[in-house]
Amino acid sequence: MSAPSRRERLRTAAVSEIKDGARRLLVTGGVEAVSLRAIARDMGMTAPALYRYFPSLEALIAGLAGDLYDELRHTVEAARDAAGPEPAGKLLAMCRAMRRWAVDHPAEFTLIFGSPVPGVVAFAEQCADADHPGARFGAAFLGPFVALTRGATLRVPPPEAVQRHLAGHLAPLFARHGDLPVEVAYAFLSAWARLYGLVAMEVFGHLAWAVDDPEALFETELATMLAQLAPAPSGDALPPGAARH
C-alpha cells in the first residue's frame, strides 16, 4: 500500500480537526450547539468551506458518532484484554469500563445512546453492516458473552417460551452478529438491557432518588447478572418471571 499523498494527509488532518471541534461543542453545549458555522469560526474558515469535507451537519454528526463508538469499543477491549483469560472476568471488566467511560463522557454517551438526532438516526440505520462502528462495538461484548455461555444450560425462561415469543423477531441481531441459539440471544439482550439501563439512569441523573452511590447498585447488578449466566443443571431453566434465590 502506497503512503498517503500530501493532499490526503491534509484532508485527513482537516477532517480530524473538524470532528474535534464538533466534539468540543457537544461537550460544552450539547448536540444543539454543534453547527458548521461555529466549527468554521473556531477554525478560521468559512462555513461553506466545510462542505468540502462533510456534505451536511448530519453527516458530520454521524462521523462523530462513529468515532465515539470506536473510542468506547477500544476502551472496553483494553479492559477485556487486561482482565485475564476467564470470560466472566473479561465481561465484568468490559461492563465496568463502559460505565466509567459513560460517567466520564456524559455528552458523548448521550449522543450515541440517548434520544436519536437526525445524524445519529441515519448512522444507526446503517448498523446492519458488520463493519459499522456500532456493530463492531456490539461484537466486542458478544464474544466473551458467547464464550461464557458456551455449553451451558442457561438460567433463562423455558426455551419453548423464548422460542414462541422472541425467535421470529431476532433478524436484526442475526444480521449483525450471526446466527445464535435463541436462548443465548435472549440472555445477551437481557444482559445488555440491564447494563445499558443502569448506565443510562446514572448518566441522566435518574438514580439519585434511590441511592447515594450508583456504583454500589451497578456492582450488585453485575453480580446478579453473572449468577444468572452461570451454567445451570440440565432442565433447571427458570420459568418466566421467576427469581433465583
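This text follows the structure it describes.
No experiment lies behind these values; they were computed from the predicted model shown.

Summed over the entire model, instances satisfying the criterion amount to twelve salt bridges. Among the salt bridges present, the one from Arg99 reaches Glu202, with a minimum N-O distance of 2.9 Å. Separated by 103 residues along the polypeptide, Arg99 in helix α5 (residues 87–104) and Glu202 in helix α11 (residues 182–203) bring together distant segments of the chain. Several salt bridges converge on common partners, so that one network encompasses Asp70, Arg73, Glu77, Asp131 and Arg136.

On to empty space enclosed by the protein, then. Leftover empty space is mapped by rolling, across the atoms, a probe with the size of a water molecule. All told, the structure shown has one cavity of 30 Å³ or more when counted by the stated rule. The space that makes up the largest cavity amounts to roughly 80 Å³. For the lining of the largest cavity, the secondary-structure elements that each account for two or more residues are α5, α8 (133–149) and α11. Tallied by class, residues from the lining of the largest cavity come to nine nonpolar, no polar and no charged.

Right, let's get into the side chain of His132. By the secondary structure assignment, His132 is in the loop between α7 (118–125) and α8. Residue His132 is classed as buried on the basis of its relative accessible area, which comes to 6%. Excluding residues within four positions of it along the chain, His132 makes contact with Phe123, Gln126 and Cys127.

Another point: α8. In this model, α8 (17 residues) spans 25 Å end to end at C-alpha, consistent with the 24 Å of a helix rising 1.5 Å per residue. The largest bend in α8 is about 25°, located at Leu142, with the proline Pro144 one to four residues further on. Counted residue by residue, α8 has twelve buried out of 17 residues, so it is predominantly covered. Within α8 the residues assigned to the buried category are Pro133, Gly134, Ala135, Phe137, Gly138, Ala140, Phe141, Leu142, Pro144, Phe145, Leu148 and Thr149.

Looking at where Cys127 falls in the secondary structure, it is placed in the loop between α7 and α8. Once the C-alpha coordinates of Cys127 and Ser16 are considered, the two residues, 111 residues apart in sequence, prove to be 22 Å apart. Residues contacting Cys127, with those up to four places away along its chain left out, are His132, Gly134, Ala135 and Arg176.

So, how was this worked out
- Residues numbered from 1 in each chain as written.
- Predicted model: local features only at pLDDT ≥ 70, side-chain atom pairs only at ≥ 80, totals over all residues.
- Heavy atoms only, no water.
- Salt bridge = Lys/Arg side-chain N within 4 Å of Asp/Glu carboxyl O.
- Helix = DSSP H or I, 4+ residues; strand = E, 2+ residues; numbered from the N terminus.
- 1 Å grid on protein atoms, 1.4 Å probe; cavity = no way out; pocket = protein on both sides within 12 Å on 5 of 7 lines; lining within 4 Å.
- Points joined across faces, edges and corners; volume = space filled by probe spheres on them.
- Nonpolar A, V, L, I, M, F, W, Y, C, P; charged D, E, K, R; others polar.
- Buried < 20%, exposed > 50% of the residue type's maximum accessible area, 1.4 Å probe, protein only.
- Contact = heavy atoms within 4.5 Å.
- Expected span 1.5 Å × (residues − 1).
- Bend = angle between axes of the 7 residues up to and from the residue.

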